[in-house]
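# Descriptive analysis of the structure
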Amino acid sequence: MAFELTFAADAAQVLEDSIAYKGYFRMRRLTLRHRLFGGGWSEPLTREVFERGDAVGVLPYEPETDSVILIEQFRPGALGDPATPWMLELIAGVVEQGESDVEVAHREAAEEAACELSELLPIASYYPSAGACSEHVRLFCGRVTTAGVGGVHGAPGESEDILVHRVSRRDALELLAQDRIPNGHTLIALQWLQLQGDALRQRWGR
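Residues numbered from 1 in each chain as written. Predicted model: local features only at pLDDT ≥ 70, side-chain atom pairs only at ≥ 80, totals over all residues. Heavy atoms only, no water.

## Things to note about the overall build of the protein
Regarding its fold elements, the protein presents three helices and eleven strands. Structurally, the protein occupies a C-alpha span of about 60 × 50 × 40 Å along its principal axes. Here the protein, with 206 residues, has 37% of them falling under the buried criterion. A separation of at least 24 residues holds for 54% of the contacts in the protein among residues at least 6 apart in sequence. By element, 51% of the accessible surface of the protein is carried by carbon and sulfur atoms, the whole surface being about 12300 Å². Separation of charge centres in the protein, based on 19 positive and 31 negative side chains, amounts to 3 Å. (Helix = DSSP H or I, 4+ residues; strand = E, 2+ residues; numbered from the N terminus. Buried < 20%, exposed > 50% of the residue type's maximum accessible area, 1.4 Å probe, protein only. Contact = heavy atoms within 4.5 Å. Areas by Shrake-Rupley, 256 points an atom, 1.4 Å probe, with all protein chains shown as cover. Lys, Arg positive; Asp, Glu negative; His and termini not counted. Charge placed at Lys NZ, Arg CZ, Asp CG, Glu CD.)

Below is the structure:
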């Protein structure tokens, strides 16, 4: 029998919902209660939840060279990192209203890396920090047809300054082994590549 969690969505209730902050991002203040494992309901809890929208990430894979396309960019949340606030990442972006995940993957690939993808495979979906943030991330691997390697790209008007790299699968997995991939989206995608890379190259390398 497959494992099942104890409670479903109806075991939590939002009693009050208001906007605590609205700027570049948004913060909601929720008063809620939920079922308890020992029976009954919790007392009302007040929690702030960070709202940034759902996101799609794509790891472009180039079977001809057994390489991935990764981007390098500045991240303000990593300003406290003793080494650098620049990160090596997969391509990712927020889902706009009315967009499908596939549309986001292709749009962001073009904007951030001048990259065209011919096929997408799902990797994983997850909540990066469900204790504080509502963001849900869906990850894909995309087969590369073209990429702007060595170029600097980014969406006009979004202050993006993105350098595009081609990294061999071997080198990418070595960075993973050395704990040099601190970005969660990229970490998960490369761990998937570590497991699926040989089958992926066989599938797309023909």
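## Section: the packing of aromatic side chains
The full count for this structure, using the stated rule, is five aromatic pairs. Through successive ring pairs, a cluster of aromatic residues spans Tyr 24, Phe 25 and Phe 50. (Phe/Tyr/Trp six-rings, centres within 6.5 Å; stacked < 30°, edge-to-face > 60°.)

## Remarks on the sheet that holds strand β1 (residues 12-22)
The strands making up a sheet are joined through hydrogen bonds of the backbone, oriented either antiparallel or parallel. Strand order in the open sheet formed by three strands is β1-β2-β3, and the pairing between neighbours is antiparallel. The sheet is open, and its two borders are formed by β1 and β3 (45-51), each paired with just one other strand. Within the sheet, the average angular offset between the axes of one strand and its neighbour, ignoring direction, is 25 degrees. Relative to β3, strand β2 (residues 26-34) runs antiparallel, the two sharing seven bridges. Directly across from Leu 30, in β3, lies its bridge partner Arg 47. (Pairing = 2+ DSSP bridges. Axes fitted to C-alpha atoms, helices over the stretch in contact; angles between N-to-C directions.)

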